[in-house]
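Reading the structure
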Amino acid sequence: MVTLIFIDFYITRDHLSPSIAVCLPIVISVFLFSLGLSDLLDVNSVEFFFYYICILMFFIGMYKTRPKRILKSYNFSNYNRSKIKLVIIFTQLSALLIFIIESLIVTPPLLSSTPNLNYMNFGLPIIHHAISLLNVSCVLSIIYIKLSGKKYLFYFNSILSLCIFTLLTQRLSILIAIIVSYCTYSLVFNVYLTKRKFLNLVLLSILFIGMFILLGESRLGGIKGSAIYEMTEINSDSMPSYLALPYIYITIGIQNTVNYIAGFESIYFGLSGLLRTLPLVSPDDLLGYNLSNYQARFNFTTFAFPHLMIVDFGYFAPALLLFFGWFINFAYYRAIYENLFWVVFYLSFILPQSIFLFFADNFFSTTLIIYLIYIYMVCYFIRKRG
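The residue count restarts for each chain, going from 1 along the sequence in the order it is written. It should be noted that, the model being predicted, local features are given only for residues of pLDDT at least 70 and side-chain atom pairs only at 80 or more, the latter also being counted only at that level, while totals for whole chains, interfaces and linings use all residues. Note: side-chain values were computed over all heavy atoms of the structure, leaving out hydrogens and water.

**Quick look at helix α8 (residues 171-188)**
To qualify as a helix, a DSSP run of H or I must reach at least 4 residues; to qualify as a strand, a run of E must reach at least 2; elements of each kind are numbered from the N terminus. By this rule the span expected of a helix is its residue count minus one, scaled by 1.5 Å. Between the first and last C-alpha of α8 there are 26 Å, a value that for 18 residues agrees with the 26 Å anticipated at 1.5 Å per step. Within α8, 14 of the 18 residues are buried, which leaves it mostly tucked inside the rest of the structure. Asn-190 sits one or two residues past α8 and shows a positive phi near 55°. Accessibility here uses a 1.4 Å probe with only protein chains present; expressed as a share of the type maximum, an area under 20% marks a residue as buried, one over 50% as exposed, and anything in between as partly exposed.

Right, here's the structure in full:
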């Protein structure tokens, strides 16, 4: 599979293609998991083989219909530049206002001395999701650069996103914001990877890992050395302590999903995923299952893709994953042919969420519904008429 990905990249040079951008992180995470460097990981189970089959079916669905990015200049001539600017400013100010109100109620996690306070229990119900719409304004601000040549809205959006997500200690959101910026610029300005740009991307990835480690330690209260080895159950001879946390974060979601497969009992026929898209609704409580029972360790709560498909469809999940792989490629196909709804939806939500499926399966959530409604409204508002 790794060979196929690199051959695909060598031929197309299209690093935005889901068959590269989405598949490669999953392949790397599965490979690291198979090394079994932590005692928390069970690499020899039958359930892991089923997990591997699920991933393989997802890849087959994705590779079956691969669109090819065409060399073209995006002009977005059907959309009103002034209205795009208005939407960007509205989105940015709304996110800032919501964050200020929330911060007046509860101190942001990075500044708080309250034990166990983190981004998961910070913020007001429902409206807190609007902060993540900064990714939508990021995409639009780069399109605005294309239309006007003015970059100040993009710079303000980047600074605002970085400040808010750092104060909330949301490492994943910081990485997603950077990825959205880079991928949007690459698509809108039709950038392909050269050797030099590839090296720059590698250096940027190393910087991401360093930031990931630093923010991870801040959330753990500065735990270091032997305490990290004890928490991750990694032998100190296997790797330095500063690599132990990234390793376990990348791989533990797979183990949690494997644990669920081992304890699988009921099929919910899509009801669990549907309930997750509704605000203030807990499918775990309504359907009577508790995912925390399947965590390899209580403080590692993420479940890797495709655990939601497995929760809903059990051993029928591989068949559904064929369609899901096809859908992600379909979204990319629509985006590269300048359909603005799909450009914004793919770049702000589908692609970044899919890239991190190896870490957390958060595709079906309330945020998905908020993005769909907001992007549809925005595209309708900014379209030229008459």
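Right, picking up where we left off after that structure.
**Thoughts on empty space enclosed by the protein**
We place a 1 Å grid over just the protein atoms. Points where a 1.4 Å probe fits but has no way out form a cavity, open points with protein on both sides within 12 Å along at least 5 of 7 lines form a pocket, and any residue with an atom within 4 Å of a point lines it. Grid points are joined across faces, edges and corners, and a volume is the space filled by probe spheres set on the points. Within this structure, the stated rule accounts for one cavity of 30 Å³ or more. Put simply, the largest cavity is a space of about 30 Å³. Phe-305, Leu-308, Met-309, Phe-324, Asp-361 and Phe-364 are the residues that line the largest cavity. Residues were grouped as follows: Ala, Val, Leu, Ile, Met, Phe, Trp, Tyr, Cys and Pro as nonpolar; Asp, Glu, Lys and Arg as charged; and all remaining residues, including Gly, as polar. Tallied by class, residues from the lining of the largest cavity come to five nonpolar, no polar and one charged.

**Examining the packing of helix α5 (residues 81-105) against helix α6 (residues 134-148)**
For the pair α5 and α6, interaxial distance at closest approach is 9 Å and the crossing angle is 150°. Taken as axis vectors, α5 and α6 run roughly antiparallel relative to one another. For α5 against α6, the interelement crossing comes out left-handed. Of the residues in α6, those touching α5 at Arg-81, Ile-84, Lys-85, Val-87, Ile-88, Thr-91, Gln-92 and Ala-95 are Leu-134, Ser-137, Leu-140, Ser-141, Ile-143, Tyr-144, Leu-147 and Ser-148. The class makeup of the residues in the contact of α5 with α6 is nine nonpolar, five polar and two charged. To get an axis, fit a line to the C-alpha atoms, keeping to the stretch in contact for a helix; angles then go from 0 to 180 degrees between the N-to-C directions. Roughly parallel means an angle under 35 degrees; roughly antiparallel means over 145; roughly perpendicular covers 65 to 115; every other angle is labelled oblique. Should the near helix be turned anticlockwise from the far one by less than a right angle, the crossing is termed left-handed; should it be turned clockwise, right-handed. What makes two residues a contact is simply this: any of their non-hydrogen atoms within 4.5 Å.

**Describing a nonpolar patch on the surface**
A surface patch of nonpolar side chains, about 560 Å² in accessible area, is lined by Leu-97, Ile-100, Ile-101, Leu-104, Ile-105 and Val-106. Following the sequence through the fold, Ile-105 ends up in helix α5. Patches draw on residues past 30% relative accessible area with no salt bridge. Two like charges within 9 Å are joined, as are two nonpolar side chains (Val, Leu, Ile, Met, Phe, Trp, Tyr) within 5 Å. Each accessible area value is a Shrake-Rupley result obtained with a 1.4 Å probe; residue values ignore everything except the protein chains displayed when judging cover. Every case where a carboxyl oxygen of Asp or Glu lies within 4 Å of a side-chain nitrogen of Lys or Arg is listed as a salt bridge.

**Focus: the packing of aromatic side chains**
Aromatic pairs are defined between Phe, Tyr and Trp rings, using the six-membered ring for Trp, whenever the two ring centres lie within 6.5 Å; interplanar angles under 30 degrees are classed as stacked, those over 60 as edge-to-face, and all others as tilted. For the structure shown, the criterion picks out 27 aromatic pairs. Ring centres of Tyr-260 and Tyr-294 lie 4.9 Å apart, and the angle between their planes is 70°; on these two criteria the pair is classed as edge-to-face. One end of the pair, Tyr-260, is in helix α11 (residues 241-262); the other, Tyr-294, is in the loop between α13 (283-287) and α14 (307-313), with 34 residues separating them in the sequence. Neither residue differs from the other here; Tyr-260 and Tyr-294 are each classed as buried. A positively charged side chain is recorded as over a ring if its NZ (Lys) or CZ (Arg) lies within 6 Å of the ring centre. The angle to the ring normal must also be within 35 degrees. The ring of Phe-381 carries Lys-83 above its face, with NZ or CZ at 5.1 Å from the centroid.

**Topic: the environment of Leu-147**
Structurally, the position occupied by Leu-147 is in helix α6. According to the relative accessible area criterion, Leu-147 is partly exposed, its value standing at 24%. The sequence separation of Leu-147 and Ile-84 amounts to 63 residues, and the corresponding C-alpha distance is 9.8 Å. When near neighbours in sequence (up to four residues on either side) are disregarded, Leu-147 contacts Asn-75, Phe-76, Arg-81 and Ile-84.

Any functional reading would require information beyond the geometric quantities listed.
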